[in-house]
Amino acid sequence: MKDQLVQKAYEIAKNRYAAIGVDTDQVLEMMQHFHLSLHCWQADDVAGFEVQSGALTGGIQTTGNYPGKARNIDELRSDILKAVSYIPGTHRLNLHEIYGDFQGKVVDRDEVTPEHFKSWMDWGKEFGMKLDFNSTSFSHPKSGDLSLANPDRYIRDFWIEHTKRCRAIAEAMGLAQGDPCIMNLWVHDGSKDLTVNRMKYRELLKDSLDQIFAIDYVHMKDCIESKVFGIGLESYTVGSNDFYIGYGVSHGKMITLDTGHFHPTESVADKVSSLLLFVPELMLHVSRPVRWDSDHVTIMDDATLDLFHEIVRCGAWDRVHCGLDYFDASINRIGAYVIGSRAAQKCMTRALLEPLAILREYEESGRGFERLALLEECKSLPWNAVWDMFCLKNNVPVGESFIAEVQKYEAEVTSKRS
Ligand code: RNT
Ligand code: ZN
């Protein structure tokens, strides 16, 4: 019965959109090729599987202590698969180095090898999830306030070695999956208080990056992520936005735009067209900053909608990779994956349903009223019927029916974890 209603609503929506020159069947087809890179770290509050693991550091924080977080690699894998079963389409998994399969052994960050990710590569192949990767500079005795920008040669070399090894791991993943693995480089380096030699640390970071990127790989792509500040590192961030744009443009590296890493009134959407003129590709960390870089669960808010609209309007569908990056420990963590992923997909669906040809015709002929009117009307066109159809076609719960499913997994599995 519900399926028939979805079908009926879709037929009506199809006609409404056809009237403004939008082909909804084509949008459904495109959505099938829109792959999110799911961040593995929502499942366990960014803890990872190092035997020697300690507290979360590096200026990032998870808040909340909702029961049931994944305690080991098997639980994390089963949680990810559960979440994915409620998200239409096929998706990638974004791993951090601390999520290696270390088999109960102490493996320091400068000792990690592709072998530690062999079981992940096999798992990815088995369940149809391609992998992306991240070096991990935080939550380690040598993290301190400075890693790749540390004036202490010994510590800086340690992190350079770590990051080089991570690139080799990403290369191995890309080769194994027959599709480039995207490796993100984010370091927390900064300082709490006034810094009087800002240039010095940036020179060090630049030199570290030059060493790290010295090897050219073919099965992996590098992306570099800036931010404004971290907790306890409020006054100075070595890897600022300007720093990484300069580095990315001059070295042909992808830029990562984390939607929580800009000043609150800055539009991340507006960066897409500028950056794409100068860097090859973009990686997104779609998040939701609430008053600060709080990493709340992504929702279909105006900022996220604007961002996805810009990707489509720029014709940059194949140059922008969409990763998620949030960690909320205060609610059901599998539910958090599903909400954020489906929200990002809804934003993309709406972006693809925009009657761009007509809107651009209005714009070019100076018809401002008409452009604004149609943009407003688009908000209440039946995009949700297209979204529901996408869920139905992919055999995942339509609408709110995933809530009960997540509750069931909680009752049967995650609530039993101590
Ligand atoms: C931190 C950055 C970074 C991390 C992850 C865990 O502010 O956003 O991307 O969230 O690497
Ligand atoms: Zn991020």
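Higher on the page you've got the structure.
Here goes a summary of the coordinates provided. What you see is a predicted model; the values in this text were computed from it and never measured.

### A short note on the sheet that holds strand β1 (residues 36-39)
- Strand order in the closed barrel made by the eight strands is β1-β2-β3-β4-β6-β8-β9-β12, with parallel pairing throughout. For this sheet, the mean inter-axis angle between neighbouring strands, taken without regard to orientation, is 30°.
- As defined by bridge partners, strand β8 (residues 254-258) adjoins strand β9 (residues 282-286) across four bridges and the pair is classed as parallel. Across the sheet, the residue bridging to L257 is L284, located in β9.
- Here helix α9 (residues 302-313) sits on the sheet and contacts β9 and β12 (320-324); the angle it forms with β9, its principal contact strand, is near 160°.

### Quick notes on the packing of aromatic side chains
- According to the stated counting rule, one finds 12 aromatic pairs in the structure shown.
- For the pair F49 and Y99, a centre-to-centre distance of 5.3 Å together with 80° between the ring planes defines the contact as edge-to-face. Pair noted here: F49 is in the loop between β1 and α3 (73-84) and Y99 is in the loop between β2 (92-96) and α4 (118-127), with a separation of 50 residues, a long-range link. Grouping residues by exposure puts F49 and Y99 together as buried.
- What links up through ring pairs into an aromatic cluster is the set F34, F308 and W317.
- The residue whose ring lies beneath K142 is F158, and the NZ or CZ to ring-centre distance is 4.6 Å.

### Re the side chain of H96
- For H96, the position within the fold is in strand β2.
- For H96, a relative accessible area of 7% puts it in the buried group.

### Some points on the pattern of salt bridges
- Per the stated rule, a full pass over the model turns up 24 salt bridges.
- Residues D122 and K118 are paired through a salt bridge, measuring 3.0 Å at the closest nitrogen-oxygen approach. Of this pair, D122 and K118 are both found in helix α4, four residues apart, which corresponds to roughly one turn of the helix.
- You can call D122 partly exposed: its relative accessible area is 42%.
- Where D293 meets K227, a salt bridge forms, and the shortest distance between an N and an O atom there is 3.5 Å. Of the two residues, D293 sits in strand β11 (residues 292-296) while K227 sits in the loop between β6 (220-225) and β7 (236-237), which places them 66 residues apart along the sequence. Each member of the pair, D293 as well as K227, is classed as buried.

### Details of the pairing of β8
- Taken across its five residues, β8 has five buried, putting it largely inside the fold.
- Of the two faces of β8, both are covered, the one formed by M254, T256 and D258 as well as the one formed by I255 and L257.
- Looking at chain direction, β6 and β8 are connected through three bridges and run parallel. Within the sheet, the bridge partner assigned to C223 lies in β8 and is M254.

Cut-offs applied
Residues numbered from 1 in each chain as written. Chains lettered and ligands numbered in written order. Predicted model: local features only at pLDDT ≥ 70, side-chain atom pairs only at ≥ 80, totals over all residues. Heavy atoms only, no water. Pairing = 2+ DSSP bridges. Helix = DSSP H or I, 4+ residues; strand = E, 2+ residues; numbered from the N terminus. Axes fitted to C-alpha atoms, helices over the stretch in contact; angles between N-to-C directions. Contact = heavy atoms within 4.5 Å. Phe/Tyr/Trp six-rings, centres within 6.5 Å; stacked < 30°, edge-to-face > 60°. Buried < 20%, exposed > 50% of the residue type's maximum accessible area, 1.4 Å probe, protein only. Lys NZ or Arg CZ within 6 Å of the ring centre and 35° of its normal. Salt bridge = Lys/Arg side-chain N within 4 Å of Asp/Glu carboxyl O.

From the geometry alone we can't say anything about function, so treat these as descriptive.
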